[in-house]
Structures are given as C-alpha cells and as structure tokens.
Amino acid sequence: MADINEIIKEENLVYSKSKILTDNIMSYCPGCTHGVVHKLVAEVIEEMNIQEKTIGVCPVGCSVLAYKFLNIDIQQASHGRAPAVATAVARLKPDKYVFTYQGDGDLASIGTGEIIHACNRGENIVVIFINNGIYGMTGGQMAPTSLIGMPTSTSPYGRDAKLAGNPLKITELIAQLPGTTFVTRQAAHTPAAVRKCKKAILKAFENVGNKKGTSFIEVVSTCSSGWKLSPVKSNEWMVEHMLPFYQLGDLKDE
Amino acid sequence: MAKVKGAIKVDVEKCKGCSLCVVVCPSKVIALAKEVNGKGYNYAYMANPEECTGCTNCAMVCPDSVIDVYRVKAQVGA
Amino acid sequence: MADYRLMKGNEVIAEAAIRYGCDGYFGYPITPQSEIMETLMVRKPWEETGMVVLQAESEIAAINMVYGGAACGKKVMTSSSSPGISLKQEGISYIAGAELPCVIVNVVRGGPGLGTIQPGQSDYFQAVKGGGHGDYRLIVIAPASVQEMNDFVGLGFDLAFKYRNPVMILSDGVIGQMMEKVQLGEFKPRWTDEEIIKMNGSWATTGKTSDRERNIITSLELDSSRQEKFNHKLIEKYKTISEKEVRFEKIACDDAEYLFIAYGSSSRICQKAIEIAREKGIKVGLLRPITLFPFPTKQIQAMLKQVKGILTVEMSAGQMIEDVRLAVEGKVPVEHFGRLGGMIPSPNEAVQALEDQIIKGK
Ligand SMILES: Cc1ncc(C[n+]2csc(CCOP(=O)(O)OP(=O)(O)O)c2C)c(N)n1
Ligand code: SF4
Ligand code: SF4
Ligand code: SF4
Ligand SMILES: [Mg+2]
C-alpha cells in the first residue's frame, strides 16, 4: 500500500480551492448550494483570468454576504434590484464582466420587474439564479417558486394554488425575451451536474466577453434549513420533487 | 500496469460535516469522524484511504471547498 | 466666451449634466420634470461625451442604476418628482449607507399621494430629515432660478464626491418649468478610467487588481458594535458638512426689522413682497437658505438681534418652519404662510400674512 504522505504532495495536487475564493469560512448552512455555486463562479473567473475585469452584484438573500467569499470587486444590492444595478455597471464599464447572483425570492418575486427589463434590454451581463424554492435568509417562508404542497413557514399546510397561486417558472419567461442569448437550468447536486453547471457558467461569462447580451443560469438548489431536511435528504427531495417541475437543460442557446 | 491512486486532504476546521462528499464518493472512502471540530461539526475524513482514486467527485460537490485532491499513477507490484 | 441661452429650468439640468462631464443619467418620466430626460434624449450626449442615458423601467430601477454607477466611481444622477422620489427612498437610503456620491433632482409637485402636477414644496421633510430608513442625511440644495439649476448640478457633484454622500437638488415645478436667461458652464471632459482609479480607486468597484484588496460596496453590517461605529462615522461627516457647507443668501437684511425665510420659488415671491412691504414702510428682509441640509441655523440666529418676527413662506403646510423655530428657540415669533395643492402664493398675500400674523399679531 502506497503511503498517503507519498501521495499528498504539491506536485500531485489535482483539485483545490479556487484562488478567487477568500479564506473566510462561508456563512452558509452545511450543504448549502450557494457554496457550490460560489465555487463554480470563482473557478470560472480564475480560469478565464478575469479577476481584474469582473464586478459582481449580490443582492439581499443568504448570498448577500458573497462579498466575504469572492475575492473580486462586489456591490451589495438591495432586495431584487441587482439587475438594475448591474445594468448601470455594464453600461458604464462595458469592458467588464458583470454578473448578478440572486435568489428566487429576490429575482422572481420582489425583483421581477428589474430582471424582466434587464433581460429584455439584453444587458450584457450574467445572471446566476439560485432557485431553492424558499426564502432562505428570512427563515424559510414561501417563495414564488415553492412547489404546490410544499410546506414552508408561511404555507405551513403546503402551498395551496388557490391561496398563493402556482409556482413561477420565471426562467421560461426569461427565455422568451429577445435580449437573452443563453438561458439554461442547471443543478449542482452531483459531480456530473456540477461539471455541467460550471460549463454553463463559463459559457455565460464568455458570452459577456463576446457582447452577446444576457446569459441566464438558473441553478435548482437546496435549502436544507428552510426545507428542514439534512443536506443529503435535501438533494434527494430536490431530485424527487423539484427536478420533475423545474426540468434541467438549455432553454435557449443562440 | 499503472493503477491510479489518490488521496484527499480535508480542511478539518472548515468542514461542516454535511456528508455530501460521503455520498458521492464512488469508492466509499469518506466517512464523518466521531470527533467534532472547533465548530462542533463531525468532519469528513478518509475512512478507507487505500480505495481513493483521486477522482475529485467529493471536492467538486463540497459546498465549502475544503477538500484538496491528490493523484498519482502507482506502479502495481513495483 | 460666455454662453447665454434662454432655457427652461429642466432643460438646463440636462445641459449642465452633459457639460459637467456626467457619466450617466437614469430616469423615469413624471411631470413636471420629464423635460430633463427628453432633453438628454434629443441631445444624444452618448455621441458627444460618451454619457449614458437610460430610461429605466421604474424609479426604483433608476435609483438602483445610480447606485451601480456611483459604486464604480462614476458621476451619475437621476431626476424625478415627488411620487417618484418616494419610490426611490429605499435606494437613496442604500446609497447613503454605502456612502456613494450621486445627484438626485426632485422637481417637487404638491401631494400627498398622486396629488397635483402643479408645483409644491411639500417634500422638505422627506429631503432634509432623511426620507428613507435609518440615520442618514442628504446634502440638500435648493435652486431659486434657472441659473442655479445650472450651477447646482456641478456644485452637487462636487459636494457628492467631496463627502461621498448623495446630494439632492430640491427644486419645484415653478423653477423646472420657468424660462430664464442662463449662462451655461464650460464643457468639462468626463473623467477617464485612470482618473477615476486615482481619485476613487480606494473604494470604487473598478475591478480588483493585484496591487489592492478587493473593493466592496455595501451598507450591511451584521456586527452591532461595528454598525454603531459606522453610524458615528456618518454623524461626524454630517457635522463637518454642517460646519463647512452652509450656503444662504440675504436680501435687504441690513435694516430689516422683520424677516421672510423662504427657499426656492417661494424666495422669489418674497423678493417681490419685500418691495411691496417697503413701499408701505415695513422694513422686511429675506434670508434664503440655499442649502436646506445643512440648514443656516447660525445665520438665522445672528439675525435675531435685529428682527422682531419671522414669517416663513413655503408652498407646504409648514415644514421648513420647524427648522426655523429650532434655530430661533422662541426668541421672536415665527409664523408660517403657505399655499397648497399647487397654488402659488402671491407677493401681496405674503405681505398681508406678514402684517396679520407677525406685525399685528405681536
Ligand atoms: C425590501 C426588503 N424586503 C424584505 C427583506 C427581507 N428579506 C431578506 S432576504 C429575503 C428573501 C430571500 O430569499 P431568496 O431571494 O430566495 O434568497 P435565499 O436566502 O433563499 O438564497 C427577504 C424577504 C429585505 N431585506 N428587504
Ligand atoms: S438558509 Fe438555506 S439558502 Fe440560506 S444558507 Fe442556509 S441552506 Fe443556504
Ligand atoms: S462536503 Fe465538504 S463540508 Fe461537507 S462533509 Fe464533505 S468535506 Fe465537509
Ligand atoms: S477523490 Fe474520489 S475516490 Fe477519493 S475520496 Fe474523493 S470521491 Fe472518493
Ligand atoms: Mg431562495
């Protein structure tokens, strides 16, 4: 048997934390998808060598603290308004790679107006949309994306369409808008999904470099705290319930 | 014949014991320790180190980016 | 060569922005200030200076675009009128909390609610006392002429960047719609990226280079003791502004026994009222606050040795009068005269009010 210490050597390192991630311990709950997607964004920025050229806009939601974890210039935005903030950044600094990083409450509820119009104008930005079907930060309330029957703290008996309407597939709406060039729905619960998701993020950032308009990446995610399941069970629940409704794949790639 | 051998190094103090790495490891290398780290989490460690192929699956899904993966091509019988 | 024109107040805001090297304007139509964006769209400054002009989907989006642009260290602005300014308040609070420089123009109309499209001065409290949530202040400057609509755009940007603080130009429908002769400013080139990095690179999100730490624009602080420290830092800044940036004008004050205090278009009415009153033998002067925050408290106090009473004239139910009374501390009578709902007080009414409420009332 080879000695472990023979293997754990600098020259044998094949995977380690991206240099675009800071050394701060992430404030997210154990198993939170935000952490995985942060990592993918960081890896893409590192691989494209665009740290100097990237400006992130991270609104209210659990990931409002993204500026603690991503070693790039970041603007924290108010709830829902990141696409408007990013619009100005992209227009005033057209040589930069501008992205927003938004939750589902943020993007699909309070910020519906801003995201629709930014995408419709075809702002040259990347939108990363973390759809965990719940308001994570405020303690697990119903989101526009919560599934029918899904219990949350404001739909304790499960979401009832009569009372609360149906879950909003905003990504499908976004794909209708001529300003968008790439609209895709991804996940990050398995190594294969993570690889695909990273490819999508890479393509989105490249699209910005090629001035192709808005690239929109939904990541169907978990919120173990809001869902009141363990991280592993959350992934299973997501596969069983979320993915049949929020089907993965590209909606548009021009 | 070359056999791929791997190993992982977990940043124990930053691990949150979420188990996502445990379930994606195809070789059942990882387990959560009975002991806890400074934050009170049962951290991930290599329970079956000889099985690791260095496939990076665990590191890829780790939300906290606390796994480093190493890989060598070991000569069998050498 | 001095460049004189006959222009509307709103049009001048647009022209002054272009000439002062403004990088971006973001707005949403609302009467009585739509000419600002309309003028910009006709002028097409993007072809001339590279200035970005964008009609946003709402006032909320517009103020957040201002946030994004200001966070890049750029000279950006927005304009609106009362209901639209109400919508912007969350964004303004974030801008104040993140210490971002910008210029916000409010061409005030009467309220509350949708109110009237006619002029008003009823947004004084909102402008000078904070407006949005949290402990913050805007620097508020109140033009009283088309010339000042021009001059205060530049002054506004200068103050905004000097203190990293949002500046509000608190105008009203009279001045926005009025045509007057104006001397336009010289063309100033927009700042280059290099200049912005030199001046604002310590805080602005210009892209993280290897020679500095990342720049973070935020108004969030979860640690209470650090948030309190930050609040104290803001208070110190507002104190400095109060000491250094008070601007005001005194008219016919040398021998004044009575005083009008009025800003913006009401101060113009008071000038005419002074003439009428003096013909009647009433020695009245005018103190016109140009900055509403910081308020000319000391300058008002200095007048108390000579004046027997003060009448504030505002197109509101009486808002600025509270700051005047705080300054006067009960030493002389202070009364309010105002018209509401878009009605504009006449000089004769102002003189009558002075006689009835201050002189006879004594
Ligand atoms: C104007 C405003 N309204 C409400 C809130 C409270 N709030 C903070 S985060 C949040 C929801 C976040 O949910 P989501 O966008 O899905 O992000 P997640 O935490 O789930 O990632 C809400 C309602 C706020 N900060 N600002
Ligand atoms: S509350 Fe949910 S979304 Fe927020 S950090 Fe925890 S798991 Fe993630
Ligand atoms: S995935 Fe990462 S954080 Fe979770 S248990 Fe494994 S090493 Fe720890
Ligand atoms: S590298 Fe692959 S084999 Fe080794 S522990 Fe991780 S998942 Fe298991
Ligand atoms: Mg959510």
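Before reading further, recall that the structure is shown in the block above.
Cut-off values and rules
- Residues numbered from 1 in each chain as written.
- Chains lettered and ligands numbered in written order.
- Predicted model: local features only at pLDDT ≥ 70, side-chain atom pairs only at ≥ 80, totals over all residues.
- Heavy atoms only, no water.
- Near = heavy atom within 4 Å.
- Nonpolar A, V, L, I, M, F, W, Y, C, P; charged D, E, K, R; others polar.
- Donors = N, O, S within 2.8 Å, 3.2 Å for Na, K, Ca; no water.
- Helix = DSSP H or I, 4+ residues; strand = E, 2+ residues; numbered from the N terminus.
- Buried < 20%, exposed > 50% of the residue type's maximum accessible area, 1.4 Å probe, protein only.
- Contact = heavy atoms within 4.5 Å.
- Buried area = accessible area lost by both parts, 1.4 Å probe.
- Salt bridge = Lys/Arg side-chain N within 4 Å of Asp/Glu carboxyl O.
- Phe/Tyr/Trp six-rings, centres within 6.5 Å; stacked < 30°, edge-to-face > 60°.
- Polar contact = N/O pair within 3.5 Å; in protein donor to acceptor, adjacent residues only side chain to side chain.
- Core = buried A, V, L, I, M, F, W, Y, C linked by side-chain atoms within 4.5 Å.
- Pairing = 2+ DSSP bridges.
- Axes fitted to C-alpha atoms, helices over the stretch in contact; angles between N-to-C directions.

> Is there a simple way to explain the site of ligand 2 in this structure?
Around ligand 2, a shell composed of A:Tyr28, A:Cys29, A:Cys32, A:His34, A:Cys62, A:Asn132, A:Gly136, A:Cys223, A:Ser224 and A:Ser225 is seen. The residue inventory of the shell around ligand 2, partitioned by class, reads 5 nonpolar, 5 polar and no charged.

> Looking at this structure, I do not really get the coordination of the magnesium ion (ligand 5). What am I missing?
Six octahedral donors around a metal ideally sit at 90 or 180 degrees from one another, while four tetrahedral donors ideally sit at 109.5 degrees. All names here are of chain A. All of the protein donors around the magnesium ion (ligand 5) are Asp104 (OD), Asn132 (OD1) and Ile134 (O); their distances to the metal are 2.0 to 2.1 Å. Positions of the donor residues of the magnesium ion (ligand 5) along the chain correspond to the pattern D-x27-N-x1-I. Here the residue Asp104 occupies a position in helix H5 (residues 104-110), and Asn132 occupies one in the loop between strand S5 (126-131) and strand S6 (134-135), the gap between them amounting to 28 residues. Comparing Asp104 with Asn132, the two get one shared label, buried.

> Whenever I open this one, the site of ligand 4 confuses me. Can you help?
Surveying the vicinity of ligand 4 reveals 14 residues, the closest of which are B:Cys25, B:Cys52, B:Cys55, B:Thr56 and B:Cys58. Grouping the amino acids of the shell around ligand 4 by side-chain chemistry returns 9 nonpolar, 5 polar and no charged.

> Would you mind going over the interface of chain A and chain B with me for this structure?
Facing the 34 residues of chain A at the interface are 34 residues of chain B. Carbon and sulfur atoms supply 70% of the area that chain A and chain B bury against each other, a total of about 2700 Å² over both sides. Summed over the shared surface of chain A and chain B, the result is 0 salt bridges. Taken together, the elements giving at least two residues each to the side of chain A that touches chain B come down to helix H1 (4-7), strand S1 (13-15), helix H2 (33-48), helix H9 (191-209) and helix H11 (231-245) of chain A. Grouping the amino acids of the side of chain A that touches chain B by side-chain chemistry returns 20 nonpolar, 8 polar and 6 charged.

> Help me understand the packing of aromatic side chains in this model?
How two aromatic rings sit relative to each other is set out by the distance from centre to centre and by the angle between their planes. All names here are of chain A. Inspection of every chain in the model, using the stated rule, returns 9 aromatic pairs over all chains. Residues Phe99 and Phe205 carry aromatic rings whose centres are separated by 5.7 Å and whose planes lie at 55 degrees to one another, so their mutual orientation is tilted. Here Phe99, found in strand S4 (residues 97-103), pairs with Phe205, found in helix H9; they are 106 residues apart in sequence, far enough to count as distant. For Phe205, a relative accessible area of 0% puts it in the buried group.

> Explanation requested: the interface of chain A and chain C in the structure shown.
Often, the extent of an interface is quoted as the loss of accessible area upon association of its parts. On the chain C side, the residues contacting the 36 residues of chain A number 37 residues. Where chain A abuts chain C, roughly 2900 Å² becomes buried across the two surfaces, and 57% of that area is made up of carbon and sulfur atoms. Summed over the shared surface of chain A and chain C, the number is 3 salt bridges. Note that A:Lys93 is salt-bridged to C:Asp193, the shortest N-O span being 3.9 Å. On the surface where chain A and chain C come into contact, there are 20 residue pairs in polar contact (both at pLDDT 80 or more). Broken down by secondary-structure element, the contributors of at least two residues to the side of chain A that touches chain C are strand S2 (54-59), helix H3 (66-69), strand S3 (73-77), helix H4 (82-92) and helix H6 (112-121) of chain A. Looking at the side of chain A that touches chain C, the element that brings in the most residues is H4(A), giving 7 residues. Its residues assigned to classes, the side of chain A that touches chain C comprises 14 nonpolar, 12 polar and 10 charged.

> What should I look at first to understand the side chain of C:Asn64 in this one?
Structurally, C:Asn64 can be placed in helix H4 (residues 59-71). In this structure C:Asn64 comes out as buried when scored by relative accessible area, which is 2%. Filtering out sequence-adjacent residues up to four positions away, C:Asn64 remains in contact with A:Ser78, A:Arg81, A:Ala84 and A:Val85.

> In this structure, what is going on with the nonpolar core? I would like to understand it.
Within soluble globular proteins, side chains that are nonpolar generally end up buried alongside one another. Judged by nonpolar contacts, the single largest core of 124 residues is most densely connected at C:Phe26 and C:Ile310. The element best represented in this core is helix H8 (residues 146-163) of chain C, accounting for 10 residues. Every residue in contact with C:Ile310, bar those within four places of it in the chain, is listed here: C:Leu259, C:Ile261, C:Ile300, C:Leu304, C:Val324, C:Val328, C:Val332, C:Pro333, C:Val334, C:Glu335 and C:Ile358. Core analysis: the second largest hydrophobic core is formed by 68 residues, A:Tyr28, A:Ile50, A:Ile128 and B:Val61 among them.

> Would you mind going over the pattern of salt bridges with me for this structure?
A pair can form between side chains of opposite charge whenever their charged atoms are brought close. With the rule as written, the count across this model stands at 44 salt bridges over all chains. A:Lys198 is the partner of A:Glu47 in a salt bridge, and the nearest nitrogen-oxygen pair spans 2.7 Å. Remark: A:Lys198 occurs in helix H9 and A:Glu47 occurs in helix H2; sequence separation between them is 151 residues. Using a relative accessible area of 53% as the deciding quantity, one classes A:Glu47 as exposed. In this structure, the salt-bridge partner of C:Asp255 is C:Arg278, at a minimum N-O distance of 2.8 Å. Of this pair, C:Asp255 sits in the loop between strand S10 (248-251) and strand S11 (258-261) while C:Arg278 sits in helix H12 (residues 264-279); the two residues are 23 residues apart in sequence, bridging distant segments of the chain.

> Just checking my understanding: could you explain the sheet that holds S11(C) for this structure?
Residue and element names in this part refer to chain C. On the basis of which strands lie adjacent, the open sheet formed by 5 strands has the order S10-S12-S11-S14-S15 and mixed pairing. Bordering the open sheet on either side are S10 and strand S15 (334-338), each of which pairs with just one other strand. Strand after strand, the sheet turns through a mean of 20 degrees between neighbouring axes, direction not considered. Pairing between S10 and strand S12 (residues 284-289): 4 bridges, direction antiparallel. Residue Glu249 lies in a different strand from S12, and its bridge partner there is Arg288.

> Whenever I open this one, the sheet that holds strand S2 (residues 24-27) of chain C confuses me. Can you help?
In sheet architecture, strand pairing relies on hydrogen bonds along the backbone and comes in two forms, parallel and antiparallel. Residue and element names in this part refer to chain C. The strand order across the open sheet built from 7 strands is S3-S2-S4-S5-S7-S6-S13, with neighbouring strands paired in mixed fashion. Lying at the two open borders of the sheet, with one neighbouring strand each, are strand S3 (52-55) and strand S13 (291-293). This sheet shows a mean twist of 20 degrees between the axes of neighbouring strands, independent of strand direction. The sheet contact formed by strand S6 (residues 139-141) and S13 spans 2 bridges and is antiparallel. Bridge pairing in S13 places Val140 opposite Phe293.

> What is the right way to look at helix H15 (residues 347-359) of chain C in this model?
At 3.6 residues per turn, the α-helix brings residues three or four places apart onto the same side. The complete set of buried residues in H15(C) reads C:Pro347, C:Ala350, C:Val351, C:Ala353, C:Leu354, C:Glu355 and C:Ile358. Considering only its buried residues, H15(C) is in contact with S11, H12, S12, strand S14 (309-314) and S15 of chain C.

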